[in-house]
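Each chain is listed here by its residues.
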Amino acid sequence: MRFFVSVDCEGLACVVGAPGGTLTDSRNYAFACQQAVRETNAAVRALFDAGAERVIVSDSHGGGVNLDYEQLGERVEIALGAGFGRRYPGVDERFDGVLFIGYHAMDNTPDAVLAHSYSSRAYQWIEVNGVQMGEVEIDAAIAGEMGVPVIFVSSDDKCVAEAKRFLPWVETVVTKQGFGWNAALSKHPKRVEGEIYEAVTRAVARLPEMRPFRVDSPVTVRLHYKRMEDAERQARSDTRWRRVDAYTTEAVFERLSDWL
Ligand SMILES: [Zn+2]
């Protein structure tokens, strides 16, 4: 069995960032990097204990250089950095599942911690074929193009509810209750490790029930920008995108992976 574990930072236990900046700029960031390793290692242990032969851990937050790599379980391979030109380096149709650690709710989700979709600065929200989607759904759909299901998501309560709405088969762990952009009531960070181990173990046992998440092709993507000039710039600099209104651009792709 082969698995890909994509690790973001916003949805980890005891992570909220700080007002007025990004998580990466906040005092909370150093803790987030340590907690990312703890939550990832719990998932990785469960995967290898369940018989995995190959596990790729992707350092997915920001520029892709967040984790203390020597603290990761030694059997993993590590995808780090940015600019791969594809969403899942090393993954093909033979992979059995993708896991999302520390993911966050989509844009336009009230009281979700650090909720955004790819850019917290640029977008109000993103629509795929007329439905608002965020990183969980879009990343799941890109794995779905290869026939690979998302089998596990850990995040705050808002993102977990969102994941279950789109991916009803998925195993989940709620790390914290979101009260706002920078506010959470969190489980103890060490308690979450045990819960992740148990939930990932269940996910692997339930592999036959897991389904690739697919969106219809051709796929229409609408970007609702926060600022008019960003929509203007995109429509004028990239001919694939047309202007729908002052704040919105739209493009049609064969597959979502042609966009991201
Ligand atoms: Zn992130």
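Residues numbered from 1 in each chain as written. Predicted model: local features only at pLDDT ≥ 70, side-chain atom pairs only at ≥ 80, totals over all residues.

Moving on, we come to the pairing of strand 1 (residues 2-7). Counting buried positions along strand 1 gives five out of six residues, so the element sits mostly inside the fold. Sheet analysis places strand 1 next to strand 2 (residues 54-59), joined by six bridges and oriented parallel. Note that in strand 2 the partner of Ser6 across the bridge is Ser58. With helix 1 (residues 28-49) bridging strand 1 and its parallel neighbour strand 2, the resulting β-α-β unit is right-handed. Pairing between strand 1 and strand 4 (residues 97-101): five bridges, direction parallel. Looking at strand 4, one finds that Phe4 is bridged to Val98. (Buried ≥ 20, exposed ≤ 12 C-beta atoms within 10 Å, placed from the backbone. Helix = DSSP H or I, 4+ residues; strand = E, 2+ residues; numbered from the N terminus. Pairing = 2+ DSSP bridges. Right-handed = clockwise from strand over helix to strand, strands pointing away.)

This next bit is on the domain arrangement of the chain. Here the chain is partitioned into domain 1 (2-118 + 135-214) and domain 2 (216-260). Each partner contributes to the interface: domain 1 provides six residues, whereas domain 2 provides four residues. Looking at the side of domain 1 that touches domain 2 residue by residue, the classes come out as three nonpolar, no polar and three charged. (Domains from an automatic or database assignment. Contact = placed C-beta atoms within 7 Å. Nonpolar A, V, L, I, M, F, W, Y, C, P; charged D, E, K, R; others polar.)

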